[in-house]
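# Fold and contact review
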Amino acid sequence: MPHMRAVDAAVAILEKEGVDTAFGLPGAAINPFYSAMRAHGGIRHILARHVEGAAHMAEGYTRAGAGNIGVCIGTSGPAGTDMITGLYSASADSIPILCITGQAPVARLHKEDFQAVDIAAIAAPVTKMAMTVLEPAQIPGAFQQAFHLMRSGRPGPVLLDLPFDVQMAEIEFDPDTYEPLPVYKPAATRAQAAQVLDLLAASDRPLIVAGGGIINADASALLVEFAELTGVPVIPTLMGWGTIPDDHPLMAGMVGLQTSQRYGNATLLASDFVLGIGNRWANRHTGGLDVYRGGRTFVHVDIEPTQIGRVFAPDYGIASDAKAALEVFLEVARERQTAGRLPNREEWARECQERKRTMLRRTHFDDVPVKPQRVYEEMNKAFGPQTRYVSTIGLSQIAAGQFLHVYRPRHWINAGQAGPLGWTIPAAIGVTAADPQGSVVALTGDYDFQFMMEELAVGAQFQLPFIHVLVNNAYLGLIRQSQRGFDMDYCVQLSFDNINSPELNGYGVDHVKVAEALGCKALRVFEPDDILPALQEAQKMATEHRVPVVVEIILERVTNISMGTEIDNVVEFEELAISPDDAPTAIALLD
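Notes on the structure in this doc start here. Quick caveat: nothing in here was measured; it's all calculated off a predicted structure.

Let us now look at the sheet that holds strand β9 (residues 206-210). The sheet built from five strands is open, its strands ordered β10-β9-β11-β12-β13 with parallel pairing. Sheet topology places β10 (234-236) and β13 (316-319) at the edges, where each strand pairs with a single neighbour. When the angles between neighbouring strand axes are averaged without regard to direction, this sheet yields 15°. Across three bridges, the pairing between β9 and β10 is parallel. Bridge pairing in β10 places Val 209 opposite Ile 235. Of the strands in this sheet, β11 (273-277), β12 (297-302) and β13 are in contact with helix α14 (residues 322-338), which crosses β11 at around 130°.

On to helix α8 (residues 190-201), then. Between its terminal C-alpha atoms α8 stretches 16 Å, which fits the 16 Å expected from 12 residues at 1.5 Å a residue. When we look at burial in α8, the residues that qualify are Ala 193, Val 196, Leu 197 and Leu 200. Summarising the axial view, the buried residues of α8 lie within an arc of 95°, below the 170-degree limit, and thus occupy one face. On the buried face of α8, the contacting elements are β9, α10 (220-230), β11, β12, β13 and α14.

One can describe the packing of helix α3 (residues 51-64) onto helix α4 (residues 78-92) by two numbers: an axis separation of 7 Å at closest approach and a directional angle of 30°. In this view, α3 runs roughly parallel relative to α4, as classed from their interaxial angle. In terms of crossing hand, the pair formed by α3 and α4 is right-handed. Judged by residue contacts, Val 51, Glu 52, Ala 55, His 56, Glu 59 and Arg 63 of α3 engage Ala 79, Asp 82, Met 83, Thr 85, Gly 86, Ser 89 and Ala 90 from α4. Of the residues contributing to the contact of α3 with α4, the split by class is five nonpolar, four polar and four charged.

This part is about the packing of aromatic side chains. Enumeration over the complete set of coordinates arrives at 12 aromatic pairs. Residues Trp 281 and Phe 298 carry aromatic rings whose centres are separated by 5.5 Å and whose planes lie at 85° to one another, so their mutual orientation is edge-to-face. Pair noted here: Trp 281 is in the loop between β11 and α12 (283-286) and Phe 298 is in strand β12, with a separation of 17 residues, a long-range link. Relative accessible area serves as the criterion here: at 1%, Phe 298 is assigned to the buried category. Between Tyr 376 and Phe 403 the ring centres are 6.2 Å apart and the planes differ by 25°, which places this aromatic pair in the stacked class. Taken together, the residues span a long stretch of sequence, with Tyr 376 in helix α16 (residues 372-382) and Phe 403 in helix α17 (residues 395-403) at a distance of 27 residues. Taken together, the ring pairs connect Trp 281, Tyr 292, Phe 298 and Phe 312 into an aromatic cluster.

Turning our eyes to something else, we now look at the sheet that holds strand β16 (residues 439-445). Ordered by their spatial adjacency, six strands build an open sheet running β15-β14-β16-β17-β19-β18, and the pairing between neighbours is parallel. Both edges of this open sheet fall to β15 (412-414) and β18 (521-525), since each of them pairs with a single strand only. Adjacent strand axes in the sheet meet at a mean angle of 20°, parallel and antiparallel pairs treated alike. In this sheet, strand β19 (residues 549-554) lies alongside β18 in parallel orientation, the contact comprising five bridges. Note that in β19 the partner of Ala 522 across the bridge is Val 550.

Before going further, it helps to examine the nonpolar core. Of all hydrophobic cores here, the largest spans 73 residues; its most connected members are Phe 226, Leu 275, Phe 329, Val 375, Met 379 and Val 469. In terms of residue count, α14 provides more of this core than any other element does, eight residues in total. Of all hydrophobic cores here, the second largest spans 48 residues; its members include Ala 48, Val 440, Phe 449 and Phe 466.

It is worth spelling out the environment of Pro 26 at this point. Here Pro 26 shows up in the loop between β2 (21-24) and α2 (31-40). In this structure the C-alpha to C-alpha distance between Pro 26 and Gly 102, which are 76 residues apart in sequence, comes to 9.3 Å. Excluding residues within four positions of it along the chain, Pro 26 makes contact with Asn 31, Tyr 34 and Leu 47.

For a regular strand, side chains alternate in direction, first toward one face of the sheet and then toward the other. Note: β2 against strand β3 (residues 44-47), four bridges, orientation parallel. Across the sheet, Ala 22 pairs through a bridge with His 45, a residue of β3. In the classification by handedness, the crossover that spans β2, the intervening α2 and the parallel β3 is right-handed.

Let us now look at the environment of Asn 344. Mapped onto the secondary structure, Asn 344 falls in the loop between α14 and α15 (346-358). Assessed through its relative accessible area of 60%, Asn 344 is described here as exposed. Considering only alpha carbons, one finds Asn 344 and His 148, 196 residues apart in sequence, at a separation of 43 Å. A polar atom in the side chain of Asn 344 sits 2.8 Å from the backbone nitrogen of Glu 346.

The subject of this paragraph is the packing of α16 against α17. In contact at an axis separation of 10 Å, α16 and α17 are set at 55° when each is read in the N-to-C sense. Regarding the angle of α16 to α17, the classification is oblique. By crossing handedness, the relation of α16 to α17 is classed as right-handed. Residues Gln 373, Tyr 376 and Asn 380 of α16 form the contact with α17, whose participating residues are Leu 395, Ser 396, Ala 399, Ala 400 and Phe 403. Looking at side-chain class alone, the contact of α16 with α17 contains five nonpolar, three polar and no charged residues.

Each value, and the rule that gives it
- Residues numbered from 1 in each chain as written.
- Predicted model: local features only at pLDDT ≥ 70, side-chain atom pairs only at ≥ 80, totals over all residues.
- Heavy atoms only, no water.
- Pairing = 2+ DSSP bridges.
- Helix = DSSP H or I, 4+ residues; strand = E, 2+ residues; numbered from the N terminus.
- Axes fitted to C-alpha atoms, helices over the stretch in contact; angles between N-to-C directions.
- Contact = heavy atoms within 4.5 Å.
- Expected span 1.5 Å × (residues − 1).
- Buried < 20%, exposed > 50% of the residue type's maximum accessible area, 1.4 Å probe, protein only.
- Arc of directions from axis to C-beta.
- Parallel < 35°, antiparallel > 145°, perpendicular 65-115°, else oblique.
- Left-handed = near helix turned anticlockwise from the far one by under 90°.
- Nonpolar A, V, L, I, M, F, W, Y, C, P; charged D, E, K, R; others polar.
- Phe/Tyr/Trp six-rings, centres within 6.5 Å; stacked < 30°, edge-to-face > 60°.
- Core = buried A, V, L, I, M, F, W, Y, C linked by side-chain atoms within 4.5 Å.
- Right-handed = clockwise from strand over helix to strand, strands pointing away.
- Polar contact = N/O pair within 3.5 Å; in protein donor to acceptor, adjacent residues only side chain to side chain.

This is how it looks when you write it as structure tokens:
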């Protein structure tokens, strides 16, 4: 039996499990693991500037491709606690990432050793497993179980904490005979599929709500096939955006209090049956349940049995992986189509399309400073269907959910439930590392940008080019808007007179200088007609220099983006589109 250090076995297992990229920062307590990666040579390492950033890079890497599992590595103590936000974000959105931390030697764990903290206990609530490995011979089994858990059932993150002496100990391990454990995923039955098709047939105005579980299961093509076969329009959630192309005739818009279209909300309110697949019924999607549920029958399909009934009791629930469910739904639906038993939904689909054509928000404004709606109009012109958008939270992300277009799964990459500020830049680096030849566009406001802007240096150092659209209003815009309910504008101003950049006219931080100091390229735009040329120039610069390119657009200080308290009570702060010129990049244009 081959004899090796425990860390050499761990790195061999990473390779056998399909890992070829890791993000992290070395430190004294994790140096043995780094020595094993160096000796092995098969894992590319991308050096982050902050361990939280490494965790978000791992998230972005996972989210960018089916089967990907991002890995982040850090030393003991604060490295592990810095990872917690990334673990929370990954756990909340069902994203598998593996966090590996160093630790003090086993004999000193209880002696308040330098940077010794019980990271397994801290991480337990936001992981599927958090384990301090106390015996060297447990290393292979711990790593094998980690990958099994990350892939089985509802996906999610794992943290493995490795004491220094455990890493260095010699064990017997044969990498050549190592095999990953079988993955467990529940699957819907034919009887359950028949019940769903029966309920669907009994409805007049059905919808499918497509959640992020469909993307996790790599089942978007099956969803589109099922929708086309049955003629049922689709409402993607924010995490499911891209499961069906925005320009597909059965794409009925998004529903919600914030990231939604007017026509999406109106269509949900007009429906009488909702089949949710791989979704959570998140509160910013549903709003108040009395309005959302009123007069409608609900079926919920989710990979995690305890998700069914968590928010409200559906009329029928199925614990199933989204791909397995859609496969059996299609099987039964094809049989019924052959037998002439599928209802014709053409009239209902036409009604949904009419709302999509007529219930539009205005995007075309010529104001200076720039109104944010115009930014998204120009982004739709500049970036094609192949673009992967990465965003997190705030008015910039909410407006993106209302105005941008997404055509493919994994092309809208968003920290949906946790929404941690600063997530966007490192996540975009992870996405670009997974798809280095792809078109990646990050989108943030100025506050999100400032949280982890040091990670831009990682993109420059490792030649990971993406375009970062930075909309700057020198405000905590979403918080300012929510403070209207308290009749205040308090502690949300980011504006100040920058003595080194008077040309900013009080907008505070000079993001162009920051980006350039970190090894990136940057452009600044003040006029709406200059947005498209700047975005086109940024694409050329990213291709030429292979670094992130920041396009900062100076916005008007105060804009209130459409949102509300219920899906039938969304407040429109701007005048609506009444002609094609008001919303020239809408999917379906007004006559």
